[in-house]
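Listed below are the residues making up each chain.
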Amino acid sequence: MRAALALALVLPLSACGGLQPMYAGGSQGAVAQGLGSVEVAPIAGQAGWLVRNALRDRLGIVQDGATKYRLEIRLDDRLEGLGVLGDDTIGRERRILRARYQLVDLADGNILLDATAGSDAGIDVVSSEYATIAAEQTALENLSREVADRIVTQVALTLRAQS
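The paragraphs below set out a description of the structure included in this document. (Residues numbered from 1 in each chain as written. Predicted model: local features only at pLDDT ≥ 70, side-chain atom pairs only at ≥ 80, totals over all residues. Heavy atoms only, no water.)

Side note on the pattern of salt bridges
Then comes step 1: Counted according to the given criterion, the structure contains 10 salt bridges.
Then comes step 2: Residue Arg70 is joined to Glu72 by a salt bridge in which the shortest nitrogen-to-oxygen separation is 2.6 Å.
Then comes step 3: In this structure Glu72 comes out as partly exposed when scored by relative accessible area, which is 28%.
Then comes step 4: The closest approach of N and O atoms between Arg95 and Asp77, which form a salt bridge, is 2.8 Å. Placement of the pair is Arg95 in strand β3 (residues 90–105) and Asp77 in strand β2 (residues 69–84), with a sequence separation of 18 residues.
Then comes step 5: For Arg95, a relative accessible area of 12% puts it in the buried group.
Then comes step 6: Among the residues examined, Asp77 registers a relative accessible area of 31% and is labelled partly exposed.
Then comes step 7: Through salt bridges with shared partners, a single network forms among Asp76, Arg78 and Glu80. (Salt bridge = Lys/Arg side-chain N within 4 Å of Asp/Glu carboxyl O. Buried < 20%, exposed > 50% of the residue type's maximum accessible area, 1.4 Å probe, protein only. Helix = DSSP H or I, 4+ residues; strand = E, 2+ residues; numbered from the N terminus.)

Notes on helix α3 (residues 45–59)
Then comes step 1: Helix length check: α3, at 15 residues, gives a terminal C-alpha distance of 21 Å against a target of 21 Å (1.5 Å per residue), a fit within 8%.
Then comes step 2: By the burial criterion, the buried members of α3 are Ala47, Gly48, Leu50, Val51, Ala54, Leu55 and Leu59. Projected down its long axis, α3 carries its buried residues within an arc of 165°, all on one side. Exposed residues lying more than 90 degrees from the buried face of α3 are Trp49 and Asp57.
Then comes step 3: After α3 finishes, the residue Gly60 shows a positive phi value of roughly 75°. (Expected span 1.5 Å × (residues − 1). Arc of directions from axis to C-beta.)

With respect to the packing of α3 against helix α4 (residues 129–162)
Between two packed helices, both the angle of their axes relative to each other and the distance between the axes serve to describe the pair.
Then comes step 1: Running from amino to carboxyl end, α3 crosses α4 at an angle of 45°, the nearest separation of the two axes being 8 Å. Looking at the two axes, α3 sits oblique to α4. Helix-helix and strand crossings are classified by hand; for α3 and α4 the assignment is right-handed. Each of Gln46, Ala47, Leu50, Val51, Ala54, Leu55, Arg58 and Leu59 in α3 lies in contact with α4, whose residues at this interface are Gln137, Leu140, Glu141, Ser144, Arg145, Ala148, Asp149, Ile151 and Val152.
Then comes step 2: Classifying every residue of the contact of α3 with α4 gives 10 nonpolar, 3 polar and 4 charged. (Axes fitted to C-alpha atoms, helices over the stretch in contact; angles between N-to-C directions. Parallel < 35°, antiparallel > 145°, perpendicular 65-115°, else oblique. Left-handed = near helix turned anticlockwise from the far one by under 90°. Contact = heavy atoms within 4.5 Å. Nonpolar A, V, L, I, M, F, W, Y, C, P; charged D, E, K, R; others polar.)

Observations concerning the environment of Ile43
Then comes step 1: Within the secondary structure layout, Ile43 lies in the loop between β1 (38–40) and α3.
Then comes step 2: In this structure Ile43 touches Gly48, Trp49, Val51, Arg52, Ile73 and Leu75, once residues within four positions along its chain are discounted.

Considerations on the sheet that holds β1
Then comes step 1: Strands sit in the order β1-β2-β3-β4 across an open sheet of 4 strands; the sheet is mixed. Two strands in the sheet have a free side with no partner beyond their single neighbour: β1 and β4 (111–124). Between one strand axis and the next, the sheet turns through 25° on average, direction left out of account.
Then comes step 2: Bridge count between β1 and β2: 3 bridges; the pairing is parallel. (Pairing = 2+ DSSP bridges.)

These results come straight from atomic positions and should not be treated as a statement about function.
The following block contains the structure:
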């Protein structure tokens, strides 16, 4: 009985033989080298500055500095009032950050990836205007990192499929 149970648990694992880690080979692997050769084009606005810096932190730099790809991004950063209180003031806001991005192969100008990424966050509007502005800024910083993570994941999957 135990042998049959052990065999039943082991057999599905054999079907996973084609799986391999995304970052196989560490910093010398194909995906890491590909990510390190991505140049992030400047992005307009404060949100653009935050997203670009987060992307550059996550992509890394190839040792020889050879740029093979360019990442072009357009952002949509919105702040919406949600909860209207009895005195016609807003009690809750939603910050939305969306990115439309393209990964361009610099060798031939082909677009390897054309996608979107986004995230949103809820913000309580309190009586202190300073606290509300600080919460809006913190939300933007967090959303920038989250959107950058999603972009890097998709770019890594694309580069892995290329190699």
